[in-house]
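Survey of secondary and tertiary structure
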Amino acid sequence: MSFCPEPGLQEVVEAARGRNLFFSTEVEKHIAEADIVFVSVNTPTKTCGVGAGKAADLTYWEGAARMIAAVSKSSKIIVEKSTVPVKTAEAIEKVLKRNCSDPTVEFDILSNPEFLAEGTAISDLTCPDRVLIGGKDTERGRKAIDVLASVYAHWIPEERILKTNLWSAELSKLTANAMLAQRISSVNSISALCEATGADIQQVSNSIGTDSRIGPKFLNASVGFGGSCFQKDILNLVYICESVGLKDVAKYWESVVTMNDYQKQRFVERIISAMFNTIKKKKLAVYGFAFKKDTGDTRETPAIDVCRGLMADGAELCIYDPQVSEKQVRLDLATPKFEWDHPVSKASPVSDDESVAIVKDPMEAAKGAHAIVVLTEWDEFKTVDYQAVYDSMVKPAFIFDGRNILDHDALRAMGFIVYALGKPLDAFILNGPAA
Ligand code: UGA
């Protein structure tokens, strides 16, 4: 994965490093000395065995717990930072207790899930909507919660520090991501209906967002949600529901992912049908590969499925993204689902598919292309010289805006045939070449 620095992170690290922030590889020594241990290891989706494709793989968590138990000579608070299935704390407590040779050592496990989003992580950290701390409903458990709350109280008002039981905290993290993703899938489903009826998804989103019970955030229709968390967490939730026999609940949440896949597929099909039902050997410029703007992160980016769909129909892609490297794009296009989250040794070979080129300039990407396909909402795509781009393209020149960030009327005035997701369709897109 090609990661660019999180905005503001450098400054935070520079201010604290050597003062109260130290990096070390002497894990065992520092764990032995610590009073509180935050465990932030990866919990990827299992790729094989029971629950493959849905359940979280807790190998790293269990390994961390075994190591903590082995080196601990004093009691500690263990904080779950990683997103984990409900009841992980219970399993981890057993591992800790059974593997610690000193019977006087006690472990208090707390769940303190992370709600930071990429690109805004530092402001989410300094000014969060809430901090959630879950612990056991016992005197010891409540004391442990208060100790951790006192750390956050240095910069977060008391009323924003929510204290719950362990299972509620673990489940709240999965539910928060599932609800956010569900909003996007709901809006995306309505975007299809808008196209069929002549309504405009942005107008619908604005209208419903003014209802204070719904609120305006996370109502932007898109080519699909991506990122390392939404799909993974929903599938984990689905697996948990299935494991406790709640089949209908599992199906309900799984439909959020199904709708996301449908949206990506629908977008690919629109492109193909609008372009005379064939994109074979046609050059298509792809603007954006990251899962959202201001990051080079491509984990579960909708661009992977859309590009694969276009390639399956024989298109020749020329991809431009301001932050994603050629190596990363090729790796992503060649890596099977869920494998990205597993150790590098398992990473698949880099695709050398000649039907894909990766360039460093949006003009170059579009030169001689039949269409531009916008997959990430980068601000710089709004200021491209589209007249010059149009002049360099094969006619009719199409733009498929999967994020609704461009000035569609201006593009139409230049001569482009524009597809704007969830908006009234151009006659050409609606009726095909006959129009
Ligand atoms: C998400 C959550 O927002 C964080 O609260 C959470 O802590 C994090 O996952 C996590 O579990 O680690 P993140 O994945 O960084 O954060 O990004 P989001 O801003 O939530 O966007 C996710 C995806 O939804 C992106 O592909 C974005 O383009 C898409 N999206 C977002 C839409 O399609 N429409 C919208 O209206 C909003």
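Residues numbered from 1 in each chain as written. Predicted model: local features only at pLDDT ≥ 70, side-chain atom pairs only at ≥ 80, totals over all residues. Heavy atoms only, no water.

**Concerning the packing of aromatic side chains**
Applying the stated rule across the entire model yields 12 aromatic pairs. Seen from their ring centres, Y152 and W155 are 5.5 Å apart, and the 50 degrees between their planes marks the pair as tilted. Owing to a relative accessible area of 9%, Y152 belongs among the buried residues under this scheme. With a relative accessible area of 39%, W155 lands in the partly exposed category. With centroids separated by 5.8 Å and ring planes inclined at 10 degrees, the aromatic side chains of F398 and F400 adopt a geometry described as stacked. Taken as a pair, F398 and F400 share a single burial class, namely buried. (Phe/Tyr/Trp six-rings, centres within 6.5 Å; stacked < 30°, edge-to-face > 60°. Buried < 20%, exposed > 50% of the residue type's maximum accessible area, 1.4 Å probe, protein only.)

**Brief notes about the site of the ligand**
Around the ligand, 20 residues are found, and the nearest of them are L116, E118, K173, S222 and R403. Backbone polar atom of E118 to an oxygen atom of the ligand: 2.7 Å apart, as the coordinates give it. Residue S222 places a side-chain N or O atom 2.6 Å away from an oxygen atom belonging to the ligand. Across the complex, the protein chains shield 88% of the 710 Å² of accessible surface that the ligand would expose by itself. Taken together, the residues that form the shell around the ligand break down as 11 nonpolar, four polar and five charged. Two domains each donate at least three residues to the shell around the ligand, and these are domain 1 (9–167) and domain 2 (275–431). (Near = heavy atom within 4 Å. Polar contact = N/O pair within 3.5 Å; in protein donor to acceptor, adjacent residues only side chain to side chain. Areas by Shrake-Rupley, 256 points an atom, 1.4 Å probe, with all protein chains shown as cover. Nonpolar A, V, L, I, M, F, W, Y, C, P; charged D, E, K, R; others polar. Domains from an automatic or database assignment.)

**Thoughts on the packing of helix α7 (residues 166–197) against helix α8 (residues 201–209)**
Between α7 and α8, the shortest axis-to-axis distance is 9 Å and the interhelical angle comes to 135 degrees. Here α7 is positioned oblique relative to α8, judged by the angle of their axes. Between α7 and α8 lies a crossing whose hand is right-handed. Contacts between α7 and α8 involve V187, I190, S191 and C194 from the first element and I201, V204 and S205 from the second. Partitioned by chemical class, the residues of the contact of α7 with α8 number five nonpolar, two polar and no charged. (Axes fitted to C-alpha atoms, helices over the stretch in contact; angles between N-to-C directions. Helix = DSSP H or I, 4+ residues; strand = E, 2+ residues; numbered from the N terminus. Parallel < 35°, antiparallel > 145°, perpendicular 65-115°, else oblique. Left-handed = near helix turned anticlockwise from the far one by under 90°. Contact = heavy atoms within 4.5 Å.)

**A closer look at the nonpolar core**
Membership of the largest hydrophobic core comes to 66 residues, with the highest contact counts inside it found for F267, Y287, I372, Y386, F400 and F416. For this core, the element with the most residues is helix α11 (residues 302–312), which contributes six residues. Beyond its immediate sequence surroundings of up to four residues, Y386 is in contact with Y287, I372, F381, I399, L406, L411, M414 and F416. If you look at the next biggest cluster of nonpolar residues, it comprises 21 residues, including V39, W61, V95 and I109. (Core = buried A, V, L, I, M, F, W, Y, C linked by side-chain atoms within 4.5 Å.)

**Observations regarding the side chain of E93**
By the element assignment, E93 lies in helix α4 (residues 88–99). Each residue touching E93, except ones within four places of it in the same chain, is listed here: F107, I109 and K136.

**Here we look at the sheet that holds strand β9 (residues 371–374)**
Strand pairing in a sheet relies on backbone hydrogen bonds, with the paired strands running either antiparallel or parallel. The strand order β8-β7-β6-β9-β10-β11 describes an open sheet built from six strands, whose pairing is parallel. With partners counted over all chains shown, the strands left at the sheet margins are β8 (356–358) and β11 (417–420), one partner each. Taken over all neighbouring pairs, the strand axes of this sheet differ in orientation by 20 degrees on average, direction set aside. When strand β6 (residues 283–287) meets strand β7 (residues 316–320), the two strands line up parallel, connected through five bridges. Residue pairing across strands places A285 opposite C318, the latter belonging to β7. Across the face of the sheet, α11 comes into contact with β6, β7 and β8 while running at roughly 155 degrees to β7. (Pairing = 2+ DSSP bridges.)

**So, the environment of D353**
Its location among the elements puts D353 in the loop between α12 (326–334) and β8. A relative accessible area of 31% places D353 in the partly exposed class. Along the backbone, D353 and Q265 are 88 residues apart, and their C-alpha atoms lie at a distance of 21 Å. Excluding anything up to four places from it in sequence, D353 contacts M311 and R330.

**Digging into unusual backbone geometry**
Of note, the amide linkage connecting K395 to P396 takes the cis form, showing an omega dihedral of -5 degrees. Along the polypeptide, P396 turns up in the loop between α14 (386–392) and β10 (398–401). With phi around 65 degrees, K281 is a residue other than glycine that occupies positive phi space. Here K281 is to be found in the loop between α10 (247–274) and β6.

**Some thoughts on the domain arrangement of the chain**
According to the domain assignment, the chain consists of domain 1 (9–167) and domain 2 (275–431). Inter-centroid distance (C-alpha atoms) of domain 1 to domain 2 is 39 Å. Each partner contributes residues to the interface: domain 1 has nine residues there, and domain 2 has 11 residues. Summed over both sides, the interface between domain 1 and domain 2 buries roughly 820 Å², with carbon and sulfur atoms accounting for 45% of that surface. Counting across the domain 1 and domain 2 interface gives one salt bridge. Ionic pairing is found between E118 and R299, a salt bridge with its closest N-O pair at 3.5 Å. For the interface between domain 1 and domain 2, the tally reads two residue pairs in polar contact (both at pLDDT 80 or more). (Buried area = accessible area lost by both parts, 1.4 Å probe. Salt bridge = Lys/Arg side-chain N within 4 Å of Asp/Glu carboxyl O.)

**With respect to the environment of K282**
Assignment of secondary structure puts K282 in the loop between α10 and β6. On the basis of relative accessible area, K282 is assigned to the buried category, the value being 12%. Between the alpha carbons of K282 and A371 there is a distance of 8.6 Å; along the sequence they are 89 residues apart. Residues in contact with K282, not counting those within four places in the same chain, are M275, F276, G314, A315, E316 and H370. In this structure the side chain of K282 is engaged in a polar contact, spanning 2.7 Å, whose partner is the backbone oxygen of T278.

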